[in-house]
Amino acid sequence: SEARRIVYRSSRRTGGTMTRVILHEDCGNSPKNLLLQQMPIAMTAADGQFISDCTAQNLVWNQVGGSLVKGQAQVMERLQRALQDDRVLELTIDHVVNHGKAGAVDGTAKTDGGRVLAYCNVYEFDSAKGAKISVVTSYVIELPDNALSS
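(A) Geometry of the pairing of strand 3 (residues 55-63). Judged from the five bridges that link them, strand 3 and strand 8 (residues 133-143) form a sheet pairing that is parallel. Bridging from a neighbouring strand, Val60 pairs with Val135 of strand 8. Pairing of strand 3 with strand 4 (residues 68-70) involves three bridges; the strand directions are antiparallel. Counted as the bridge partner of Asn62 is Leu68 from strand 4. What sits between strand 3 and strand 4 in their antiparallel hairpin is a turn of four residues, with Gly65 showing a positive phi close to 80 degrees.

So, in structure tokens, the structure goes:
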């Protein structure tokens, strides 16, 4: 069995709803990996302060098969609207990898609307040192109800 750690995070933006976050123990093995690990958590909570601190002002969020959102404020607005309709109750982070100016995180999300989503977010940093995230490309697939049963 793989080592996992479960944490809970509440958000004022989501009405104080507790989000269960399940992390693989090896996900945060470097400072850049820790940052990447925190990004999907911050996005599901619409944590404006964290997102503002870690992203470039001209942030671009490419929702593959959906829309292209440009600018920190516009990304936050889109996240808040999405969370009003479907809050994330459980977020699993399976893998976090990075190399040079890029990194990726994948896992699943379960929502209060009963949806199960598989996701992969690919992040591009403004430099190899990873000072700020400048581009997020999100791939999201809705899974059948029984997809995670085991």
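There is more to say, and it comes next.
(B) Highlighting the environment of Lys32. Here Lys32 is to be found in helix 1 (residues 31-45). Judged by relative accessible area, Lys32 falls into the buried class, the value being 14%. Separated by 64 residues in sequence, Lys32 and Val96 place their C-alpha atoms 9.5 Å apart.

(C) Fine view of helix 1. Over its 15 residues, helix 1 runs 21 Å from end to end, which matches the ideal 21 Å to within 8%, given 1.5 Å per residue. The element helix 1 is largely enclosed, with a buried count of 12 among its 15 residues. Taken residue by residue, helix 1 has Lys32, Asn33, Leu35, Leu36, Gln37, Met39, Pro40, Ile41, Ala42, Met43, Thr44 and Ala45 as its buried positions. One or two positions beyond helix 1, positive phi appears at Ala46, with a value near 50 degrees.

Basis of the calculations
- Residues numbered from 1 in each chain as written.
- Predicted model: local features only at pLDDT ≥ 70, side-chain atom pairs only at ≥ 80, totals over all residues.
- Heavy atoms only, no water.
- Pairing = 2+ DSSP bridges.
- Helix = DSSP H or I, 4+ residues; strand = E, 2+ residues; numbered from the N terminus.
- Buried < 20%, exposed > 50% of the residue type's maximum accessible area, 1.4 Å probe, protein only.
- Expected span 1.5 Å × (residues − 1).

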